[in-house]
Each structure stands twice: as C-alpha cells, then as structure tokens.
Amino acid sequence: MKKRFDLEILENADMNTIDALSDKYSAVSEAETENIFRRVMQNSGAADEELRVKGVEVYHRPVWKKLLAAASALVLVTGATAGGVYLYRNFGAETADMPTDNAEEATAEEHIEEETPTEVQTEEATEAVFMELQLHEAAPYAESMEEAKAIIEEHTTLIPWADRHNYRVDVKHYAELLQCEGYDINSLEAKSFIYHMLRNSFLYFDSAVGTLNWYINYEGSNFYPSAEFQIDLQNQEGYSKCINEDNDVFLEFFAYDDKIITKENISGIYQEETCSKAEMIRFPEDNYRYIEIAPPDYGLNECPSCSINCAWNKVHDQLMPEELALAFLDNFDNWQINGISEYLGRTAAELSGVYDDGSELKMTVDLYTGIMLELNIENSDTGFVDKMAVTSLQIDVPVERVEFDPSGLTKRIYTD
Amino acid sequence: MKHSEYRKLLENDKSAAQRALFRDYLNYVYTIVFNRLRSCGSREDIDECVSDVFTDVFASYENKSNKTDDMKGFILTVALRKAAAYYHRLCRNKTVASLDDETAKDVPSEEDISVAAEQSETRKLLLRLIESLGEPDATIIIQKYYYGRNSREISEIVPLSPAMIRVRSSRALKKLRKLLADNDISI
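Conventions and cut-offs
- Residues numbered from 1 in each chain as written.
- Chains lettered and ligands numbered in written order.
- Predicted model: local features only at pLDDT ≥ 70, side-chain atom pairs only at ≥ 80, totals over all residues.
- Heavy atoms only, no water.
- Helix = DSSP H or I, 4+ residues; strand = E, 2+ residues; numbered from the N terminus.
- Buried < 20%, exposed > 50% of the residue type's maximum accessible area, 1.4 Å probe, protein only.
- Contact = heavy atoms within 4.5 Å.
- Areas by Shrake-Rupley, 256 points an atom, 1.4 Å probe, with all protein chains shown as cover.
- Phe/Tyr/Trp six-rings, centres within 6.5 Å; stacked < 30°, edge-to-face > 60°.
- Core = buried A, V, L, I, M, F, W, Y, C linked by side-chain atoms within 4.5 Å.
- Pairing = 2+ DSSP bridges.
- pLDDT = per-residue confidence, 0-100.
- Salt bridge = Lys/Arg side-chain N within 4 Å of Asp/Glu carboxyl O.
- Axes fitted to C-alpha atoms, helices over the stretch in contact; angles between N-to-C directions.
- Parallel < 35°, antiparallel > 145°, perpendicular 65-115°, else oblique.
- Left-handed = near helix turned anticlockwise from the far one by under 90°.
- Nonpolar A, V, L, I, M, F, W, Y, C, P; charged D, E, K, R; others polar.

A. View of the overall build of chain B. Assigned secondary structure in chain B consists of 8 helices and 0 strands. Secondary structure elements of chain B, listed N to C terminal, follow the sequence α-α-α-α-α-α-α-α. Out of the 187 residues in chain B, the part that is buried amounts to 49%. Intrachain contacts of chain B at a sequence separation of at least 6 include 65% that bridge at least 24 residues. When the accessible surface of chain B is totalled, it reaches about 9500 Å², and 50% of it is carbon and sulfur.

B. Quick peek at the packing of aromatic side chains. Scanning the model with the defined rule gives 23 aromatic pairs over all chains in all. Seen from their ring centres, Phe37 of chain A and Phe22 of chain B are 4.9 Å apart, and the 55° between their planes marks the pair as tilted. A residue pair is termed interchain when its members come from two chains, as with Phe37 of chain A in helix α2 (residues 30-44) and Phe22 of chain B in helix α2 (residues 14-37). Taken as a pair, Phe37 of chain A and Phe22 of chain B share a single burial class, namely buried.

C. Looking closely at the nonpolar core. Counting residues in hydrophobic clusters, the biggest one holds 86 residues, and the most contacted among them are Phe193, Ile194, Leu198, Leu329, Leu351 and Met363 of chain A. Leave out the neighbours within four places in its chain, and Phe193 of chain A touches Leu133, Val169, Val171, Tyr174, Ala175, Leu178 and Leu367 of chain A. Counting residues in each nonpolar core, the second largest holds 62 residues, with Tyr25 of chain A together with Leu10, Ala79 and Leu176 of chain B among its members.

D. Structural view of the pairing of strand β10 (residues 259-264) of chain A. Burial of β10 of chain A is extensive: 5 of the 6 residues sit out of reach of the surface. Connecting the antiparallel pair β10 of chain A and strand β11 (residues 269-274) of chain A is a turn made up of 4 residues, with Gly268 of chain A showing a positive phi of about 75°.

E. Up close: the confidence of the model for chain A. Averaged over every residue, the pLDDT of chain A is 79; residues scoring 70 or more account for 77%. pLDDT under 50 marks residues 47-126 of chain A. Its contacts with residues more than four places away, or in other chains, come to 145 contacts.

F. Seen up close, the environment of Ile185 of chain A. Residues and elements named next belong to chain A. Within the element layout of this structure, Ile185 appears in the loop between α6 (171-178) and α7 (188-199). Owing to a relative accessible area of 18%, Ile185 belongs among the buried residues under this scheme. Aside from chain neighbours lying at most four places away, what touches Ile185 is Leu178, Ala190, Lys191, Ile337, Asn338 and Gly339.

G. Representation of the pattern of salt bridges within the structure. Taken as a whole, this structure holds 32 salt bridges over all chains when the rule is applied. For Glu34 of chain A, the salt bridge goes to Arg23 of chain B, with nearest N and O atoms at 2.6 Å. One end of the pair, Glu34 of chain A, is in helix α2; the other, Arg23 of chain B, is in helix α2, on a second chain. You can call Glu34 of chain A buried: its relative accessible area is 4%. Residue Glu228 of chain A is joined to Lys241 of chain A by a salt bridge in which the shortest nitrogen-to-oxygen separation is 3.7 Å. Placement of Glu228 of chain A in strand β7 (residues 226-232) and of Lys241 of chain A in strand β8 (residues 237-243) is noted, with a sequence separation of 13 residues between them. With relative accessibility at 34%, the residue Glu228 of chain A sits in the partly exposed group. Classification of Lys241 of chain A by relative accessible area gives partly exposed; the value is 22%. Salt bridges sharing partners connect three or more residues here, namely Glu30 and Glu34 of chain A together with Arg19 and Arg23 of chain B.

H. Layout of the sheet that holds β7 of chain A. All names here are of chain A. Here 12 strands make up an open sheet; going across it, the order is β15-β16-β17-β18-β19-β4-β7-β8-β9-β10-β11-β20 and the pairing mixed. With one partner strand each, in any of the chains shown, β15 (335-343) and β20 (410-411) form the two edges of the open sheet. For β15 and strand β16 (residues 346-354), the ladder comprises 8 bridges, and the chain directions are antiparallel. Counted as the bridge partner of Glu342 is Thr347 from β16.

I. Structural context of the sheet that holds strand β13 (residues 290-293) of chain A. If you trace the 3 strands from one edge of the open sheet to the other, you get β2-β13-β14 (chain A), paired in mixed fashion. Strands at the two margins of the open sheet, each flanked by one partner only, are β2 (141-142) and β14 (299-301) of chain A.

J. Broad picture of the packing of helix α9 (residues 322-329) of chain A against helix α8 (residues 162-182) of chain B. Between α9 of chain A and α8 of chain B, the shortest axis-to-axis distance is 9 Å and the interhelical angle comes to 25°. In terms of orientation, α9 of chain A and α8 of chain B fall into the roughly parallel class. In terms of crossing hand, the pair formed by α9 of chain A and α8 of chain B is left-handed. Contacts between α9 of chain A and α8 of chain B involve Glu323, Leu324, Leu326, Ala327 and Phe328 of chain A from the former and Ala163, Met164, Arg166 and Val167 of chain B from the latter.

K. Structural view of the packing of α2 of chain A against helix α3 (residues 43-62) of chain B. Contact geometry of α2 of chain A with α3 of chain B gives a least axis separation of 9 Å together with a crossing angle of 50°. The angle between the axes of α2 of chain A and α3 of chain B places the two elements in the oblique class. Crossing geometry of α2 of chain A relative to α3 of chain B is assigned as right-handed. On α3 of chain B, the residues that touch Glu32, Ile36, Arg39, Val40, Met41, Asn43 and Ser44 of chain A of α2 of chain A are Arg43, Glu44, Asp47, Glu48, Val50, Ser51, Asp52, Phe54, Thr55 and Phe58 of chain B. Here the residues of the contact of α2 of chain A with α3 of chain B sort into 6 nonpolar, 4 polar and 7 charged.

Set out below in structure tokens:
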C-alpha cells in the first residue's frame, strides 16, 4: 500500500527551519486564533469584556462569538466563515487563477466578440435551437498564465444572462438516450452530457425552491444542519436560511437589489456586501474552462456560475455545482455512471468514483437541470467525510422576494 | 514589538497590549510548539501548550520580573521549554530513553552530527522546492501535509473553496513529488 505523503521530516527541526516556516506560512486560522486567545484570557482570569460585542462595532477582523448551539458555532467557523471566504472570492476579491473580477472582465471585453448560436431563432421557427454537446477532452496546456488566458479568450463568448437558454444542449434528447436500453451509459457522449449539465446547470432552470441538509463533524460530534432556499435565478435574487438540529434558524442570506446580506441570528449581527447583478456573463466552451499551466502557476479555471451570487454557499454548491464537478469529475477515468433512477420524483443519474487522493465519491445528478441532488465523499484513510443532499425541490415555480429587516440588529463594519 | 513598547502599551491598555503581543507572536509560538508536539500531541494539546506559553509570558511581564528587551528571544525560550515539558508529559508512557537513564546514548558521535547537518540541508531544500510551487499551492501543501489540516480548514486560510483546494493539493503534490525525485529527496 502506498505510504501517505507526509512532511514529518520537518518535525523537531532546527531553528532555521522553524523560522522559515513561521515567516512564510500561517500556522493558525483566524477562528483558531480567537479560540486560543480566549483560552489564554481564561487562563489569565481576564473578564469577558474583551470579547463582548458592543453596539455598532468597528472590527479589525470579524470576531466569531462563542455560541450556545454547537452546530451554530460550527457554521460560523466552517459554514459562514467558509461562506465568507466564498463570498469574498466571488465578489471581486482577486485570486491568481480566477479571472472573474471586474478588472479582468474589463480587459477581456475588449477582445470578446458577442456571438449567438449559429442558427437564428425566428418567429416562424417551430423547433428549438440547441448548442452542440462538446465531447470531453483533457484540459488544454499552457506554458504561462498569459497563454492560458489567451486560450480561454479564444473560446469564450459574452452572453446576455437573459438569453442564456439559447446556449443549452438538447437535454431531452440526451436524457432519453441515457435511458435507452442497450445504450452505453458510460460512453464518452453520456459522461460528457452529465459533466456538461453539472457545469452548466445555470442554463437549465430559472428558479428553485427547496431544502437541503449536509453533514458536519465538529470536535468529534456529528451534526446535520439544514437549509431552506428559494432562488430566482433569472433575476439573480434569492433567500436561504440555515437551521440547526434544534430547529433554530442561525443564519439567513438575502440577495436582491444589488446587495448580499448575511444575518447571524444568534449574535444579532448582519453584514452587507454590494453585488451587482450580472447582466452579461463570460461563457467559455466546456473544454476550455480549465487550462493546465506549467509551474509555478498551473491551473486557470473560468467558472461562469461564480459570477452569480444569489444563493448561500451550500445552496450554490448544489444548484450550480460547477466547481465541484471540475474538482471531482474532470478526470473521466475516475468515475462512472451506475444507472438512471428517480430521486425526489426527478430523473437522476447515479455516479460513483474514486478521487485522486483515494476518497470514494457518490453523486446523484438531476438529468434535466444538472442540479446536484446528493453528494457523498468519504476517505477511510484520512477520515474525511463530506455529505450534502437536497431533500425537496421544485423547479421553475414562482418565487416571492424575502426582504431583510434590520430592526434590532447590529451591522458589522470592517476596517482593513 | 520590543519589550519597552509593550510595557508602554501595557500601562495604557492591558487588554490591547496583550492582544497585540499575542497577534505578533502567535504564529511563531505555534510553529515552535507544533514542530515539537506534532508526533505525540493532539490539536487540543498543541492549543493548550500555546496558550500556556502566552499565559506565562503575560504573567512574566505583569510581574515585571522580565527585564530583557529581546522579546522574541524570551518568548522563544518560554515556548521551547513549555513544548519540551508537554512532549515529555505526552510521551511519558511511550518507550523513551531519558538522558539520565544508564542505557541512554553517550555524547552523540560525529556520525550523528553529520546526519543532523544533512537533515538540516534536506529540510532547507524541501522548503525551497515547496516554495517554488508558488502560492497558494505552497501554503496548501504545508497546511495539508505538515499541519494536517483538511480542505475545509485550509479554506479558512487560503481564499479558495474546499473543492478547489482538493484539486490544487492533488496537483501540487504531483508536481512536488517530481521535484523531490529530480533532487533525489525521498520522503
């Protein structure tokens, strides 16, 4: 059995090594920093005034107050914090490999020609027009970040969000094909279709209302919080609320009128971010959304759905699982389609596979929308477990806006 | 932060002074403690040891018993001693030879010194190779394979989703293995 890679050689090192590690790398996260400081203060017998939230606060960093419900605390540490990271990443924070920020788009727009599908839909046309399904290929390779960006630009169109339906493949055709007796559901065509749906689900529904749950292991205990959501994808508005196992709503997420509001019910604090609706989105071809690059950069990912921010992060992961699909399914050798079944009354494909690090993966995908209905990842070597499941779902139903009421709440203000 | 600066701050606002000192040196202390206790302590043990270090440092400055201006040197000493104490406590039930034990090795031979020197060079090279992966992959590799964090924990340090961290760590590891092989380093 292959020995797990480990940097134990760095243990019990000389001070030069320790200095190098401490100078270059963070040893603790922000949440851990606060936990340890709290412990130090308790050891020192200090009062809780240090940690008290007082009125409209000016924070140098967000401070997550210890909560009564462990699951709530867990969400703030893993859910909301990770959600916060996710939000910052999508709301214009620059990263080396995600050219979805405004500066990148402003440059890219100069070079992108607006295209429409090759066949024009006229009032007389009675048949729907579809894009051709791209059969999956290994990611293109570039020697540099500049070259990778140029490759993506060549294969990207800027499409109006309101017209995104024009870029669908013939879902009905492929969904029926996959259920035909005698058809090889693990053919390149079949797997390319499933992969396309996962990476382009935002093309295939206008609204979604439902519930989901997920699994968290926190300090040795298992938790199964849930969320209710109603997403108006067409107008890029949405509302999600997160519920712990005691049925307390601990987090609410509002997206409308070019803003994102996250409300932490336990602490009574909310934060507001500006987020403009994406009228146009960059739409690279399926086979040109990820480019391998030579070191030191070696991956550039273009994710159209990342510019759509109307769903809280876990809800986004299920409804628009583009990045999860890239993470786990880009290597077609790692997974297979086991069959077509019914899940929540919807026709779904059951997938399973083994990821590069040995994790076992099971996924259920809605054949007609690409929504990820269920995900299970388990690694018996590392103990890593990730589980998410949609527990109810209605597609393309009317959605009424849920508006945020700040009464009695404290607004979080950040300073850099 | 120097001792004199800390003292000044301590006189005006004790809480702010302690928080500032904590922020300045936490990464350093945690690295030292983790490096010592990685093989025998849990995350909880390490957190406890780190918090004990700062408790002692704060107490030392409050008691005004500490007069040295070399704050970093002082904190280093406290951290090393505390980590050593925790190490011996946690390894008490394991087979460990004490220096006081008659069966303990004598003064290390020249061969041991050269092994230690070689290890030091290997570590230096390893860190350089990891650094050559660029960011955020270097951080992901260190967080995952040295600090033992999972993707979700790493996503609190590196601004990527856990899914992307898993993709990048897998690819970064492949690259690192090749670099290690090219440099004849076996881990």
